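# Examining the three-dimensional arrangement
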Amino acid sequence: QVQLVESGGGLVQAGDALKLSCAASGPTSGTVAMSWFRQAPGKEREFVAGISWTGGGLYANSVKGRFTISRDNAKNTVYLQMNSLKPEDTAVYYCAAGSRVVFTIPGAYAYWGQGTQVTVSS
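Residues numbered from 1 in each chain as written. Predicted model: local features only at pLDDT ≥ 70, side-chain atom pairs only at ≥ 80, totals over all residues. Heavy atoms only, no water.

Scanning the protein from terminus to terminus reveals 0 helices and 11 strands. Ordered by position from N to C terminus, the α and β elements of the protein give β-β-β-β-β-β-β-β-β-β-β. Its C-alpha atoms give the protein a radius of gyration of 13 Å, near enough to 14 Å, the size a compact globule of 122 residues would have. Reported as C-alpha extents along the three principal axes, the dimensions of the protein are approximately 40 × 30 × 25 Å. Of all 122 residues assigned to the protein, the portion counted as buried reaches 43%. (Helix = DSSP H or I, 4+ residues; strand = E, 2+ residues; numbered from the N terminus. Rg over C-alpha atoms; globule rule 2.2 N^0.38 Å. Buried < 20%, exposed > 50% of the residue type's maximum accessible area, 1.4 Å probe, protein only.)

What follows is the structure, encoded as structure tokens:
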């Protein structure tokens, strides 16, 4: 069983930066691929970025060039550096694991964190 704990969310202004962390515990076989999703009020959960065990990243078009996903396998932690934040980035951000490949659909992941709120004011 993999447990995920996100941190780093908060209230920022448009144009600011924020870095999210997701610490995983449990077997590393469950964290081969890890991803970030987000869900805004009244909207479906959407893929933001994902990273393979070797560091290959995949990004949603809406965040490409602004967000960077990275991981520290020794710490079993994944990070999401978010730059040039926009009000439309406001959402609860979730960390996901349990897939061996980065998928962009939530159903591919077996494990989820509790989420961390990111609010970007204009």
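Taken in spatial order, the 4 strands line up as β1-β3-β8-β7 in an open sheet, and their pairing is antiparallel. This sheet does not close on itself; its edge strands, each paired only once, are β1 (3-7) and β7 (67-72). Averaged over all neighbouring strand pairs, the angle between strand axes comes to 15°, with direction disregarded. Here strand β3 (residues 18-25) pairs with strand β8 (residues 77-82) via 6 bridges, running antiparallel. By the bridge assignment for β8, Lys-19 is matched with Gln-81. (Pairing = 2+ DSSP bridges. Axes fitted to C-alpha atoms, helices over the stretch in contact; angles between N-to-C directions.)

Quick look at the packing of aromatic side chains now. Evaluated as defined, the whole model comprises 5 aromatic pairs. Where Phe-37 meets Tyr-109, the ring centres are 5.5 Å apart and the plane angle is 75°; that geometry is what we call edge-to-face. Pair noted here: Phe-37 is in strand β4 (residues 33-39) and Tyr-109 is in the loop between β9 (91-99) and β10 (111-112), with a separation of 72 residues, a long-range link. Each member of the pair Phe-37 and Tyr-109 is classed as buried. Each member of the aromatic cluster is reached from another via a ring pair, and the members are Phe-37, Phe-47, Tyr-94, Tyr-109 and Trp-112. Of note, Lys-19 hangs over the ring of Tyr-79, and the distance from its end group to the ring centre comes to 4.7 Å. Taking the ring centre of Trp-112 as reference, the NZ or CZ of Arg-45 above it sits at 4.8 Å. (Phe/Tyr/Trp six-rings, centres within 6.5 Å; stacked < 30°, edge-to-face > 60°. Lys NZ or Arg CZ within 6 Å of the ring centre and 35° of its normal.)

With that out of the way, let us pick up the nonpolar core. Residues Trp-36, Leu-80, Met-82 and Tyr-93 are the most contacted members of the largest nonpolar core, which totals 33 residues. Listed by contribution, the elements that provide at least two residues to this core are β3, β4, β5 (46-51), β7, β8, β9 and β11 (116-121). Sort the elements by how many residues they give to this core and β9 lands first, with 5 residues. Among all residues touching Met-82, those that are not within four sequence positions of it are Asp-16, Ala-17, Leu-18, Leu-20, Arg-66, Phe-67, Tyr-93 and Val-118. (Core = buried A, V, L, I, M, F, W, Y, C linked by side-chain atoms within 4.5 Å. Contact = heavy atoms within 4.5 Å.)

Buried residues dominate β8, accounting for 5 of its 6 residues. Here β7 pairs with β8 via 6 bridges, running antiparallel. Across the sheet, the residue bridging to Ser-70 is Tyr-79, located in β8. Counting the residues that bridge the hairpin from β7 to β8 gives 4 residues, and of these Asn-76 lies at a positive phi of roughly 55°.

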